[in-house]
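# Notes for the structure review
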Amino acid sequence: MVPPPTVVIPFSVPSEGRGLGIGLAALVHVFARTAGGGVALAQLQARQPDDRPDRPSAPVEAFLSPAAWREVSGRGDGPTGVGVVVTGAFEPPIDGEGTIQLLAFDARDGRTCAKMDAPVDGEHAGARLVDAFEQLWSSLGGELAGLQGLRELAWDALESVLRAERCALHDPLRGGPHDRLAAMMHLGRAIGDAPGARYPVERLSAIALEMASGPALDPKLAAASVRALEGALADASNSVELLEALAALMLRSGQPREAERRMNVAIAMAPTRSRPYALLGQALRAQGNLEGALAVLQAGRAASKGDSVLFIEQGMVLAARGDIEGAAAAWREVLAREPYNPAAFARLAALALQSHDMSTAQALVDSALAARDAHPDVFRSAVPLALSSESEGLARASRIKRLCERVLDRLPSDAPSLLNMSRALLALGQRVDARTRLDQLERVAPKSAAAADGQVQRLALDDPRAHIELQSVLRAANEAAVPNLADVAARARHLAMAHNAWLGWLAVAVAERRRSRWAAARSALDAALELAPGATLARLEMARVLVAMGDAKSALSQAESAMVLEGPSPPVLSVLAQSLAAAGRFSEAREVGHRVLSMKPDDAEVRDMLQKLQQGPPFAWVRNLWGRLRALVQRREN
């Protein structure tokens, strides 16, 4: 029988140390283990006074006695089914001396399980904290591995680490990290204070690599993160991990040549390390040098242990060469050794979707359903496979519900999983639960793409007839003959206002854009995005309208926002390529355009753009287009 879970409460700290208690509890959450598994982090929110209900909720950092815990749990603010509660108070050694008090008690009867009270001096702050937690955890019969790197930190560097862990922590109100860039900046300061310490370097590298490997990346955040890593490298120039993280972000930022240079340096520093070879192969692949990439990966396998990252990148290179079977074989080889490697699983899943390989899709879904402790990305990757490979019905909905539950157990505020869970619950006839998940989605991630889709689903749930009418008018906006578009736009505007629906405003914009009424289209899209900032379709339509109006800079901003929301899908990349061309960034436009055609060869707009870019001078067609469009707009608006 699995024992009840252990929960850690963010520790009480003085007002000037706000945030340190959450950072300290986050370390326990990440590194502590008990007989029942990991340790949950209770992110409690302070209740606001009745006269200020609009004030944002603040996370609680407090020493909770057993009686206080019973009160919190009794009113439903605390997690249920808890076995042991770990709480404490931390006095930072700001003036040279501080203290750490820890208490672990049984959540059911308040009995003390273990306690610890120890001084913390500034010079040995890291060692004193690690000692205190290890003694407490040994009394609980658990272990606390991974914190040894903190032992060498004095208080200045340790404070930066704690603030970084607070910023890196998942924030249920934001639906993501509290502030990933701030976490990187804090870790950079810790490296500056202790350039030889391992923990800040490894943690900063891990956060940057996680950011670089995510489904979408904000270009401004990427640029700021690159600067943070370059600053850290100035203090820790011999860190291969920081070089790897910097190269990964440069690749995501479209700087493959600079990433190539960095990885050649990294390989010279650590010739038996696998990741630099994989990143160098990725940099060469991004530049179209596929043979060179394969040669680098082969050299990496010979020089290192042949880690999974090399086979994963080999699959990417083979896929770029059109060798789909070879790519699948490389990723299957990784999964044969590591059945739930998230990168290999996700790439094989994407390949199965692209090639309509239903047998592979169903095998991967079955594998994910059989897993219990896999990375959340494994379960997330399995959901679209189940949607594409299984017929609609109760069986599919039940399987999707189980996959989403696995994600939400680890990431309770994951927006796409909340949306897919709601859809599955609705298919299973659980309308109240489906609505609860939609409300949660709107609360934790209101600006996400999933929240925009959730608004559409909520209307379908509350008013099916209105939902059908909106779908119909959007089809008409895209397909109706031009003489009928004025009536379509009027009907769409009426529905949008009656139901406060962004989808209706999108239909207005499409109809007006097809009538070349650019200002009216832009106004409708402003209304759509005010209702649903995460509506990717509205942002792509806005980019098209802004290109037509000659505002290439704003069009590019909208396309980049769509990329952050949805990732590099063919529609997003198509609009991004055309926005880049309009902005005069022809080389980047060609690169993205060719990427689109490799995914969607029949994209006529991108193919036409690439043909025009080959004509000389390369800017002539853009300049002439803007001139014709401006003249047309002026004639229509006058």
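Residues numbered from 1 in each chain as written. Predicted model: local features only at pLDDT ≥ 70, side-chain atom pairs only at ≥ 80, totals over all residues. Heavy atoms only, no water.

Looking now at the overall build of the protein. Looking only at helices and strands, one finds 30 helices and nine strands in the protein. Here the C-alpha radius of gyration of the protein, 27 Å, is about what a compact globule of 638 residues would show, namely 26 Å. Principal-axis analysis of the C-alpha atoms places the extent of the protein at approximately 80 × 60 × 50 Å. Burial status across the protein gives 50% buried among its 638 residues. Within the protein, residue pairs in contact and separated by at least 24 positions form 57% of the contacts whose partners lie at least 6 positions apart. When the accessible surface of the protein is totalled, it reaches about 29,300 Å², and 50% of it is carbon and sulfur. (Helix = DSSP H or I, 4+ residues; strand = E, 2+ residues; numbered from the N terminus. Rg over C-alpha atoms; globule rule 2.2 N^0.38 Å. Buried < 20%, exposed > 50% of the residue type's maximum accessible area, 1.4 Å probe, protein only. Contact = heavy atoms within 4.5 Å. Areas by Shrake-Rupley, 256 points an atom, 1.4 Å probe, with all protein chains shown as cover.)

Tallied over the entire structure, the rule returns 33 salt bridges. The closest approach of N and O atoms between Asp131 and Arg151, which form a salt bridge, is 2.7 Å. Note that Asp131 is positioned in helix α3 (residues 125–139) and Arg151 in the loop between β7 (143–144) and α4 (155–168), a separation of 20 residues in sequence. For Glu210, the salt bridge identified is with Arg180, shortest N-O distance 3.9 Å. Placement of the pair is Glu210 in helix α6 (residues 198–212) and Arg180 in helix α5 (residues 180–193), with a sequence separation of 30 residues. The class of Glu210 is partly exposed, set by a relative accessible area of 48%. Residues participating in the shared-partner salt-bridge network are Glu230, Glu258, Arg261 and Arg262. (Salt bridge = Lys/Arg side-chain N within 4 Å of Asp/Glu carboxyl O.)

Another point: helix α25 (residues 536–548). Between its first and last C-alpha, α25 extends 19 Å over 13 residues, near the 18 Å set by a 1.5 Å rise per residue. Burial analysis of α25 places 11 of its 13 residues in the buried class, the great majority of the element. (Expected span 1.5 Å × (residues − 1).)

Before going further, it helps to examine the packing of aromatic side chains. Inspection of the entire model under this criterion finds three aromatic pairs. Residues Phe11 and Phe133 carry aromatic rings whose centres are separated by 5.9 Å and whose planes lie at 50° to one another, so their mutual orientation is tilted. Separated by 122 residues along the polypeptide, Phe11 in the loop between β1 (6–8) and α1 (20–31) and Phe133 in helix α3 bring together distant segments of the chain. The exposure class of Phe11 is buried, given its relative accessible area of 0%. Phe133 sits in the buried class, given a relative accessible area of 3%. (Phe/Tyr/Trp six-rings, centres within 6.5 Å; stacked < 30°, edge-to-face > 60°.)

This next bit is on the packing of α25 against helix α27 (residues 570–582). Viewed as axis vectors pointing N to C, α25 and α27 meet at an angle of 25°, and their least axial separation amounts to 10 Å. Classified by the interaxial angle, the pair formed by α25 and α27 is roughly parallel. The handedness of the crossing between α25 and α27 comes out as left-handed. From α25, Thr536, Leu540, Ala543, Arg544 and Val547 reach across to α27, where they touch Pro571, Val572, Val575, Ser579 and Ala582. Broken down by class, the residue content of the contact of α25 with α27 amounts to seven nonpolar, two polar and one charged. (Axes fitted to C-alpha atoms, helices over the stretch in contact; angles between N-to-C directions. Parallel < 35°, antiparallel > 145°, perpendicular 65-115°, else oblique. Left-handed = near helix turned anticlockwise from the far one by under 90°. Nonpolar A, V, L, I, M, F, W, Y, C, P; charged D, E, K, R; others polar.)

To continue, consider the environment of Ile400. Relative to the assigned elements, Ile400 resides in helix α17 (residues 394–410). With a relative accessible area of 5%, Ile400 lands in the buried category. Linking Ile400 and Val383, residues 17 residues apart in sequence, is a C-alpha distance of 6.0 Å. Every residue in contact with Ile400, bar those within four places of it in the chain, is listed here: Val383, Ala386, Leu387, Asn420 and Ala424.

Next up on the list: the nonpolar core. Ile100, Leu150, Leu229 and Leu242 are the most contacted members of the largest nonpolar core, which has 142 residues in total. For this core, the element with the most residues is helix α8 (residues 240–252), which contributes 10 residues. Non-local contacts of Ile100, meaning those with residues more than four positions away in its chain, are made with Leu24, Ala89, Phe90, Met116, Asp117, Ala118, Val120, Leu129 and Ala132. If you look at the next biggest cluster of nonpolar residues, it comprises 43 residues, including Ala466, Leu503, Ala524 and Ala548. (Core = buried A, V, L, I, M, F, W, Y, C linked by side-chain atoms within 4.5 Å.)

Attention now moves to the side chain of Ser205. Structurally, Ser205 is set in helix α6. Judged by its relative accessible area of 4%, Ser205 falls in the buried class. Ignoring anything within four residues of it in the chain, the contact list for Ser205 reads Glu241, Leu242 and Ala245.

What follows deals with the pairing of strand β4 (residues 84–91). Most of β4 sits inside the fold, with seven of its eight residues counted as buried. In this sheet, β4 lies alongside β1 in parallel orientation, the contact comprising three bridges. From the neighbouring strand, Val7 faces β4, where its bridge partner is Val85. Bridge analysis of β4 against strand β5 (residues 97–106) gives eight bridges, and the strand direction is antiparallel. Residue Val85 lies in a different strand from β5, and its bridge partner there is Phe105. Hairpin connection between β4 and β5: a loop of five residues separates the two successive antiparallel strands, and Gly96 in this loop has a positive phi of roughly 105°. (Pairing = 2+ DSSP bridges.)

Another point: unusual backbone geometry. At Asn500, a position not held by glycine, the phi torsion is positive, near 50°. Structurally, Asn500 can be placed in the loop between α22 (485–499) and α23 (502–514).

Glancing now at the packing of helix α14 (residues 342–355) against helix α15 (residues 358–370). Two elements in contact, α14 and α15, have axes separated by 9 Å at closest approach and are oriented at 145°. In the crossing of α14 with α15, the sense of the turn from one axis to the other is left-handed. Contacts from Phe345, Leu348, Ala349 and Ala352 of α14 reach α15 at Thr360, Ala361, Leu364, Ser367 and Ala368. Classifying every residue of the contact of α14 with α15 by side-chain character gives seven nonpolar, two polar and no charged.

Take α1 next. The terminal C-alpha atoms of α1, which comprises 12 residues, lie 17 Å apart, in line with the 16 Å expected from a rise of 1.5 Å per residue. In terms of burial, α1 is largely enclosed, as 10 of its 12 residues are buried. When we look at burial in α1, the residues that qualify are Leu20, Gly21, Ile22, Gly23, Leu24, Ala25, Ala26, Leu27, Val28 and Phe31.

With that out of the way, let us pick up the confidence of the model for the protein. Detailed reading of the predicted model is not advised wherever pLDDT is low. Confidence in the prediction of the protein, expressed as mean pLDDT, is 87, and 90% of residues score 70 or more. Across residues 617–627, confidence stays below pLDDT 50; counting only partners more than four residues off in sequence or on other chains, it has 15 contacts. Overall, residues 629–638 carries pLDDT values under 50, and its contacts beyond four positions in sequence, including any with other chains, amount to nine contacts. (pLDDT = per-residue confidence, 0-100.)

Moving on, we come to the pairing of strand β6 (residues 112–121). Pairing geometry for β5 and β6, over nine bridges, is antiparallel. Paired with Thr99 across the strands is Pro119, a residue of β6. Between the antiparallel neighbours β5 and β6 lie five residues, among them Gly110 with a positive phi of about 80°.

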